[in-house]
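Commentary on secondary and tertiary structure
Letter by letter, the chains look like this.
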Amino acid sequence: MRELLLILVPLAGAALAVVWPSERTRPWLMPAVGAVHTVLALWLLVDPPQVSPGVWFGFDPIARAVLPAVSILFLACAAYGVSYLRIRTERPNRVFVATLLAILGLLSAGHQARHLGMLWITTEAVTLTAVPLLHFNNTSRAFEATWKYLLVGGTGIALSLLGSFCLGYASVRGGGNGDLTFVALTAQGPLLSRPWVLIAWVFLLVGYGTKMGLAPMHTWKPDAYGEAPSIVGAMLAGGVTTVAFTALLRVRAVITAAGEGQAADRTLLAIGLFSMLVAVLFLLGTRDFKRMLAYSSVEHMGILVIGAALGPAGMWAAFFHVWSNSLTKGALFLSAGNIRRAAGARTVDEVRGMSSVTPQSAAIFVAGMFAVTACPPFGPFFSELRIVRAAIDTGHIAATAMFLGCLLFAFFGLTRLVFSVVDGRPRAVQKAEGRRIKEKAGVIIPPLVLMGISLWLGLATPQVLRGAWTDAVAQLFPTP
Amino acid sequence: MNSSLNLLIGLAMGLNLLALGGSRVPQVIRAVAVQGIVLGVLPLLLEHDFAWMVALVSVVTVLVKGFLIPGLLHRAMRAAKIEREIDPFIGFVPSLLLGAGGTIAAVAAARMLPLLPEHAGTLLVPGALASIFTGFILLIGRAKAISQVCGYLILENGIYLFGLLLIHSTPLLVESGILLDLTVGVFVIGIIVDRIQRAFDSLDTRKLTVLRE
C-alpha cells in the first residue's frame, strides 16, 4: 500500500496544483509533496515490503535500489523551485508545477513497473509530460528544443514499443500464455523464441537508450537540457534517465534468462563506450556550459550501461553510480542555473569571472565539477573505481583503458569550461546583473545539500544502501 | 478471413509508396489518413466473435488516425501555407525506390522469422516492417515538419500492425493503454506543430538550426 502511495500522492498533488487558485502559494505544493514522497521512499528503503510475484507494480529490490535517489533529488529540486518560480513571476506556473508533480508520480510508477506493457506506458507518459516543462521559457530556441525532443523521443518510444511487442511475441511463440510480467518472462527463460528475443533486445536498447540519451540517440539531450530551466534539466538527467536505465536492466534480465545474456552485455559495453567517446569529443568542443552538462550526462549514462555489462560486481557499482550521478548532477544543474541567471548568458565567450559575481554558486559549481569528473572523495569517484575494478576482474582490459582515457579527456573538457566561466574578471554587464540578483538561501541550500549527500555517499556509504544494491543485484542475477 | 486481411494490409503497403512518392503535402496526409482507417478496421477482422473492447479500440483508431490527426495536420498546413514539399533531403524517386526495395526485403525477412502457424500466411509482419521502414525514410528524408509527422504516423502504423499479432494473447488492458498513449503522443505533436508555426511562420525544419555545435 505504501508503495502505491508513492505513485498516488504526487498525482494527487498534480491534480491539486491544477485547481489551486493562488500563483504565489502554488509552488509550495512541490516541496510538500516531495517531502512526503521522500519520507515514504526512505521508509520503504529501510523497511521493504513483501512483493507478490504477479503484481504489475511493486517496490521490488530494483525499485528500492534506485527510487529513493530520485525522491531526494526531487525534494531538492522542489525546494529550489519555490525560489526559482518567485524570480520568474512573469511566467504562469500552474502547468509547470502540475507537470513536475505528475512526472514524479509517473517516475515512481515506472521504477516500480514489473510488467513489460506497464513499464512502456509509464516511461512514455513521463516523456510526454515533460514537454510543457521544456518550453517553459517560451522562447523560439525552447520550441526548437521541444520539437527535437518530441521527434527523437517519440521515435525512441515507438521503437521501445516495437521491442516490447517482439518480446511479447517471443513469449507467445515459445508457448507463453500472454502473461507479460517480468517474473513470468524470466521464468519462461530458454523457451522464449531466440530470434525474436534478439530483435526485441535491439529495439528495446535503441528505444530506452534514446530516453537515457546513449549515443548516437542522444541528439535531443543538449538542446533540451540547454533550453529548459535548470530544475527540469536536473530532473531529466537524474530522474527520467534512471527510469530508462532500470527498464533496460529489467529487460536485460529476461534476455539473460533466455540465454542471450552475453550478446546483451556485449552490446551494452559497446554502446556505453561509444557514448563516452562521443560525449568526450563534444565536451572538448562545446562553448556553452549548460550544454556541457548534457554531454556530461551522456558520458555518465555510458558509464552506467558499462557497469551493467560487467556482471554482478559491475551491476552493484552501476547502482552506486545511479545515486552518485543523480545527486551530483542535480547540484551541478542547480548551481549552473544560478550562474546562468546572474550572467544572462551561457557561453564561455560571454561569461567570465562568476566567482566574484555569484561566489557561492560558483563554489558549488566547481565542487560539483570535481565530483562529476570522479575526483575523490565524492560519490562518483568510488562508484567509477568499482566499475574499473569489475572491468579488470572480468578481463576487459582494452575497455578499461578506453574508459579511463575518456574520463581523463572529460576532465579536461569540463575543467576548461568551468574555469573559464568562474575565473577572470567579470564583464560589466554581469557585475550589474549580479548586484541586482542576490544569491538567496533558497537557491543555494538545495544544491549544497545534494553535494553534501554526494560526499557522504563517497566517504561512508550507508549500510542500508549497500544492502539494497546487493538485493537488487541478486534480483537481476538469480542464482539457480 | 486471411484473404481480406491480406488485401487490406496490401492496400496499406501501397499507401506507403504513395506517401513516399507524393510531393504535395495534402496527398501525403490523405495517404496517412486512409492508412489509419484501413488499419483501424483490421482488429474486427482478426476477432472471431464480437468483443466490445476490440470494437471500441477499432472505432477510436479510425476516428483518431483517420480523421482527427489528419484534420489537425490539414489545419497546420493551411495556416503555414505549405502545399508542397520542396527540395527534400532524399528525393522523391530515390525514396520511392528505397521504399519498394524495403517492401520486398520485408516480405523476404518475414519468411525467415519463426512465426506462429496462424500468422504464417498473413502479411502482418511484412506489412509492419515495410511501414516502419517507410516511416523512417519520411522522418529522415523530408524537410517539412508536417511531412516528418506523417512519417512518424506511418512508423506508428507499422508498430500497430505488429501489435495485432498479439491481440489474442495479451490482456486488452495493455492494448487499450497502448492505443491511449499513441493518441496522446500524436496529440502533443499536433500542438507542437501548431506552436512551432506560430514561432517560426514556417514549418521548415531546416530553419531549426540555431541549436547545434
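As the structure is a prediction and not an experimental result, all values here were calculated from the model.

Analysis parameters
Residues numbered from 1 in each chain as written. Chains lettered and ligands numbered in written order. Predicted model: local features only at pLDDT ≥ 70, side-chain atom pairs only at ≥ 80, totals over all residues. Heavy atoms only, no water. Helix = DSSP H or I, 4+ residues; strand = E, 2+ residues; numbered from the N terminus. Buried < 20%, exposed > 50% of the residue type's maximum accessible area, 1.4 Å probe, protein only. Contact = heavy atoms within 4.5 Å. Areas by Shrake-Rupley, 256 points an atom, 1.4 Å probe, with all protein chains shown as cover. Rg over C-alpha atoms; globule rule 2.2 N^0.38 Å. Salt bridge = Lys/Arg side-chain N within 4 Å of Asp/Glu carboxyl O. 1 Å grid on protein atoms, 1.4 Å probe; cavity = no way out; pocket = protein on both sides within 12 Å on 5 of 7 lines; lining within 4 Å. Points joined across faces, edges and corners; volume = space filled by probe spheres on them. Nonpolar A, V, L, I, M, F, W, Y, C, P; charged D, E, K, R; others polar. Expected span 1.5 Å × (residues − 1). Axes fitted to C-alpha atoms, helices over the stretch in contact; angles between N-to-C directions. Parallel < 35°, antiparallel > 145°, perpendicular 65-115°, else oblique. Left-handed = near helix turned anticlockwise from the far one by under 90°. Core = buried A, V, L, I, M, F, W, Y, C linked by side-chain atoms within 4.5 Å. Patch = residues over 30% accessible without salt bridge, like charges linked within 9 Å, V, L, I, M, F, W, Y side chains within 5 Å. Phe/Tyr/Trp six-rings, centres within 6.5 Å; stacked < 30°, edge-to-face > 60°. Lys NZ or Arg CZ within 6 Å of the ring centre and 35° of its normal. Polar contact = N/O pair within 3.5 Å; in protein donor to acceptor, adjacent residues only side chain to side chain.

**Notes on the overall build of chain B**
Scanning chain B from N- to C-terminus turns up eight helices and zero strands. Going from the N terminus to the C terminus, chain B shows its helices and strands as α-α-α-α-α-α-α-α. Of all 213 residues assigned to chain B, the portion counted as buried reaches 56%. Across chain B, contacts joining residues at least 24 apart in sequence account for 77% of those joining residues at least 6 apart. On chain B, roughly 9000 Å² of surface is accessible, and the fraction owed to carbon and sulfur atoms is 69%.

**A look at the overall build of chain A**
Across its full length, chain A holds 20 helices and zero strands. Relative to the globule expectation of 23 Å for 480 residues, the C-alpha radius of gyration of chain A, 21 Å, shows essentially globular dimensions. With the C-alpha coordinates of chain A rotated into their principal frame, the extents come out at 70 × 55 × 40 Å. Counting all 480 residues of chain A, 65% fall into the buried class. Relative to all contacts within chain A whose residues are 6 or more apart in sequence, the contacts with residues 24 or more apart total 83%. In the structure as shown, chain A presents an accessible area of about 15300 Å², 69% of it carried by carbon and sulfur atoms.

**Some thoughts on the pattern of salt bridges**
When their charged atoms lie close together, side chains carrying opposite charge are able to pair. Residue and element names in this part refer to chain A. Following the criterion strictly, the structure yields 15 salt bridges over all chains and no others. The salt bridge involving Arg 346 is made with Glu 227; its shortest N-O contact spans 3.3 Å. Here Glu 227 lies in helix H10 (residues 220-227) and Arg 346 lies in the loop between helix H13 (311-343) and helix H14 (354-357), a separation of 119 residues in the sequence. In this structure, Arg 346 and Glu 227 share a single accessibility class: buried. Linked by salt bridges that have partners in common, Arg 141, Glu 227, Asp 288 and Arg 346 make up one network.

**Topic: empty space enclosed by the protein**
All names here are of chain A. In this structure the tally under the stated criterion is twelve cavities of 30 Å³ or more. What the second largest cavity holds in volume is close to 100 Å³. As for the second largest cavity, its lining consists of 13 residues, of which Thr 127, Gly 153, Ile 157, Thr 210 and Lys 211 are closest to the centre. Of the residues contributing to the lining of the second largest cavity, the split by class is four nonpolar, seven polar and two charged.

**Quick look at helix H1 (residues 2-19) of chain A**
All names here are of chain A. Between its terminal C-alpha atoms H1 stretches 26 Å, which fits the 26 Å expected from 18 residues at 1.5 Å a residue. Where H1 is concerned, the buried positions are Arg 2, Glu 3, Leu 6, Ile 7, Pro 10, Gly 13, Ala 14 and Ala 17. Looking at the buried side of H1, the elements it contacts are helix H2 (29-46), helix H3 (61-87) and helix H4 (94-112).

**Thoughts on the packing of helix H11 (residues 230-285) of chain A against helix H12 (residues 289-308) of chain A**
Residues and elements named next belong to chain A. Relative to each other, H11 and H12 sit at 20 degrees, their axes nearing to 5 Å. Considered as vectors, H11 and H12 are oriented roughly parallel to each other. For the pair H11 and H12, the crossing hand works out as right-handed. Residue classes in the contact of H11 with H12 are distributed as 20 nonpolar, seven polar and four charged.

**So, the nonpolar core**
Residue and element names in this part refer to chain A. The biggest cluster of nonpolar side chains holds 231 residues, and the ones touching the most others in it are Leu 101, Leu 167, Met 212, Phe 245, Phe 319 and Phe 365. Here this core gets 26 residues from one element, more than from any other, and that element is H11. For Met 212, the residues in contact, after removing those within four places along its chain, are Lys 221, Thr 241, Ala 244, Phe 245, Leu 248, Met 301, Leu 304 and Val 305.

**Examining the environment of Gly395(A)**
Locating Gly395(A) in the fold gives a position in the loop between helix H16 (379-393) and helix H17 (397-422). Once the C-alpha coordinates of Gly395(A) and Ser326(A) are considered, the two residues, 69 residues apart in sequence, prove to be 28 Å apart.

**Looking at the environment of Ala279(A)**
Residues and elements named next belong to chain A. Within the fold, Ala 279 resides in helix H11. With 127 residues separating them in the primary sequence, Ala 279 and Cys 406 have C-alpha atoms 8.8 Å apart. Discounting residues that sit within four places of it in the chain, Ala 279 has contacts with Tyr 295, Val 298 and Glu 299.

**Points about the packing of helix H2 (residues 25-46) of chain B against helix H3 (residues 52-80) of chain B**
Residue and element names in this part refer to chain B. Taken N-terminus to C-terminus, the directions of H2 and H3 make an angle of 175 degrees; their axes are 7 Å apart at the nearest point. One way to sum up the angle between H2 and H3 is to call them roughly antiparallel. Counting all contacts with H2, which are made through Val 25, Pro 26, Ile 29, Val 32, Ala 33, Gly 36, Ile 37, Gly 40, Val 41, Pro 43 and Leu 44, the residues of H3 involved are Val 54, Ala 55, Ser 58, Thr 61, Val 62, Lys 65, Gly 66, Phe 67, Pro 70, Leu 73, His 74 and Met 77. Grouping the amino acids of the contact of H2 with H3 by side-chain chemistry returns 16 nonpolar, six polar and one charged.

**Points about H13(A)**
When the terminal C-alpha atoms of H13(A) are compared, their 45 Å separation across 33 residues agrees well with the 48 Å that a helix rising 1.5 Å per residue should span. Within H13(A), 30 of the 33 residues are buried, leaving the element largely enclosed by the surrounding structure.

**Brief notes about unusual backbone geometry**
Residue and element names in this part refer to chain A. The peptide bond linking Ala 215 to Pro 216 adopts the cis configuration, its omega dihedral lying at 0 degrees. Here Pro 216 is to be found in the loop between helix H9 (194-212) and H10. Note the cis peptide between Pro 376 and Pro 377, where omega equals 5 degrees. Structurally, Pro 377 can be placed in the loop between helix H15 (359-372) and H16. One non-glycine residue, Asn 138, lies in the positive phi region at around 60 degrees. Here Asn 138 shows up in the loop between helix H6 (131-134) and helix H7 (140-173).

**Side note on a nonpolar patch on the surface**
Judged by side-chain polarity, Met1(A), Leu4(A), Leu5(A), Leu8(A) and Leu11(A) come together as a nonpolar surface patch covering roughly 430 Å² of accessible area. You can see Leu8(A) is positioned in helix H1.

**Some words on the packing of aromatic side chains**
The full count for this structure, using the stated rule, is 19 aromatic pairs over all chains. Pairing Tyr149(A) with Trp220(A) gives two aromatic rings, centres 5.4 Å apart and planes at 70 degrees, and the pair type is edge-to-face. Here Trp220(A) lies in helix H10 and Tyr149(A) lies in helix H7, a separation of 71 residues in the sequence. Accessibility assignment for this pair places Tyr149(A) and Trp220(A) in one class, buried. Summarising the aromatic geometry, the rings of Tyr225(A) and Phe333(A) are spaced 5.5 Å apart at their centres and angled 80 degrees between planes, so their arrangement reads as edge-to-face. Of this pair, Tyr225(A) sits in helix H10 while Phe333(A) sits in helix H13, and the two are 108 residues apart along the sequence. Judged by its relative accessible area of 0%, Tyr225(A) is buried. Aromatic ring contacts, followed pair by pair, group Tyr80(A), Tyr84(A), Phe96(A) and Phe136(A) into a single cluster. Of note, Arg2(A) hangs over the ring of Trp43(A), and the distance from its end group to the ring centre comes to 4.4 Å. Against the face of Tyr160(B) rests Lys65(B), its NZ or CZ located 4.4 Å from the ring centre.

**Considering the side chain of Thr181(A)**
All names here are of chain A. Inspection of the secondary structure puts Thr 181 in the loop between H7 and helix H8 (182-188). A polar contact is formed between the side chain of Thr 181 and the side chain of Asp 179, at a distance of 3.1 Å. Setting aside anything within four residues of it in sequence, one finds Thr 181 in contact with Gly 54, Val 55, Trp 56, Arg 114 and His 115.

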